[in-house]
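# Examination of the molecular architecture
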Amino acid sequence: WYGGDLSGQATVTGTLNWYGGALDGNSSLTVAGGALLVIAGQATTNNVFGQLINQGTVRRQSGSVNVADASAQSTYSYAGPYTFDTGSISNQAGGLWDILCDQPMVANENIFIPPGYSDYGLSTPLPVFYNAGLLRKSAGTNTAIHLYLDNTATVDVESGTLNLDAGCTLAGGNLTFGITSLTN
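Quick caveat, the model's predicted, so the values are computed rather than measured. (Residues numbered from 1 in each chain as written. Predicted model: local features only at pLDDT ≥ 70, side-chain atom pairs only at ≥ 80, totals over all residues. Heavy atoms only, no water.)

## Describing the overall build of the protein chain
Within the protein chain one finds zero helices and 23 strands. Intrachain contacts of the protein chain at a sequence separation of at least 6 include 47% that bridge at least 24 residues. (Helix = DSSP H or I, 4+ residues; strand = E, 2+ residues; numbered from the N terminus. Contact = heavy atoms within 4.5 Å.)

## Examining the nonpolar core
One finds L37, L52, I89, W97, M105, F129 and L135 to be the most contacted residues of the largest nonpolar core, which totals 27 residues. Residues contacting L37, with those up to four places away along its chain left out, are L16, W18, L29, V31, L52, T57, V58 and R59. (Core = buried A, V, L, I, M, F, W, Y, C linked by side-chain atoms within 4.5 Å. Buried < 20%, exposed > 50% of the residue type's maximum accessible area, 1.4 Å probe, protein only.)

## Points about a nonpolar patch on the surface
Together, L170, L175 and F177 make up an exposed nonpolar region whose accessible area comes to about 290 Å². In this fold, F177 is placed in strand β23 (residues 174–177). F177 sits in the exposed class, given a relative accessible area of 54%. (Patch = residues over 30% accessible without salt bridge, like charges linked within 9 Å, V, L, I, M, F, W, Y side chains within 5 Å. Areas by Shrake-Rupley, 256 points an atom, 1.4 Å probe, with all protein chains shown as cover. Salt bridge = Lys/Arg side-chain N within 4 Å of Asp/Glu carboxyl O.)

## Points about the sheet that holds strand β10 (residues 64–67)
Ordered by their spatial adjacency, five strands build an open sheet running β1-β4-β7-β10-β15, and the pairing between neighbours is parallel. Of all strands in the sheet, those bounded by a partner on one side alone are β1 (5–6) and β15 (105–107). In this structure, β10 lies alongside β15, joined through three bridges in parallel fashion. In the strand pairing of β15, N66 is matched with V106. (Pairing = 2+ DSSP bridges.)

## Some words on the confidence of the model for the protein chain
Summary statistics for the protein chain give a mean pLDDT of 81 and a share of 77% for residues scoring 70 or more. At the level of individual helices and strands, the protein chain shows its lowest average pLDDT in strand β11 (residues 74–76), which scores 36, and its highest in strand β14 (residues 96–99), which scores 98. Counting contacts from residues 72–83, a segment whose pLDDT is below 50, to residues more than four positions away or on other chains yields 30 contacts. (pLDDT = per-residue confidence, 0-100.)

## Brief notes about the side chain of T143
Tracing the backbone shows T143 in strand β18 (residues 142–144). Setting aside its immediate chain neighbours within four residues, T143 contacts R60, I99, C101, D102, Q103, K137, T161, L162 and N163.

## A word on the pattern of salt bridges
In the structure shown here, the tally under the stated rule is three salt bridges. In this structure, R136 engages D156 in a salt bridge whose closest nitrogen and oxygen atoms are separated by 3.2 Å. With R136 in strand β17 (residues 134–137) and D156 in strand β20 (residues 154–157), the pair connects residues that are 20 residues apart, well separated along the chain. E158 is paired through a salt bridge with R136; the nearest N and O atoms lie 3.3 Å apart. One end of the pair, E158, is in the loop between β20 and β21 (161–163); the other, R136, is in strand β17, with 22 residues separating them in the sequence. Here R136 falls in the partly exposed class, since its relative accessible area comes to 22%. Members of the salt-bridge network, linked through shared partners, are R136, D156 and E158.

## Brief notes about the environment of F49
Within the element layout of this structure, F49 appears in the loop between β7 (45–48) and β8 (51–54). By relative accessible area, which is 12% here, F49 ends up buried.

## Comments concerning the side chain of D24
Positionally, D24 belongs in the loop between β4 (21–23) and β5 (28–31). Within the buried core, D24 has no salt-bridge partner, and the shortest N-O distance to an opposite charge, that of R60, equals 18 Å. Not counting residues within four places of it along the chain, the set of residues in contact with D24 comprises D5, L6, S7, F49 and G50. (Lys, Arg positive; Asp, Glu negative; His and termini not counted.)

## So, the pairing of β10
Covered by surrounding structure in β10 are S64 and N66 together with V65 and V67, the residues of both alternating faces. As defined by bridge partners, β7 adjoins β10 across four bridges and the pair is classed as parallel. Across the sheet, the residue bridging to V48 is V67, located in β10.

What follows is the structure, given as C-alpha cells:
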C-alpha cells in the first residue's frame, strides 16, 4: 500500500506493507491473528483517521504514524456543527505491536477541515492507543508515543527508550525493561 486512502472495512489475512497514505475516518483496518502489517517509509507519514485494530502482528520499521481524534463538534462560521474523524489504535489480546524504529507516533496532525469552515473553537482530544496485547520496543534508541496509552497488558522495552509523554493508564498490566546493567 503505497500512499492513497483506504476507505471502508478491510482485514489483513497475510502480509501488508504500508508505505504512507491514510486510513480514512469511519473506516477500519483489522490485522487478523497470524497476519502481519509492516509500517515503513522513511520520509512518509501513515495517517490513522479510522480504527486500526491489531489481532496479529504490527511491525513499525520506519516512518511516522499520525493518529487523529478530532471527534469533538465545534460551531463554525459558515455551516454549524461538523463532526471530525475519530482515529485510534487497538492492540488486542494476542496482538504484538513491535517498534523497531525511532520515528514518533504523533497526535492530531493533518486534520482535514473542509472548505468554508474555520478551525475556530476546534478542540481535539488525545487519540488513544489501547493495549491489551504486547507493546514492544525491540530496536532503536528513542521512540515517543504522543498518544494516550490505555494499557491492560504488557509494555516491553528491550531497546532504548519508550517515551509515553501524553499520559497513560496502567491498569493490571505489566511493564518490562531489558536492562543488561545498572549503574548507581
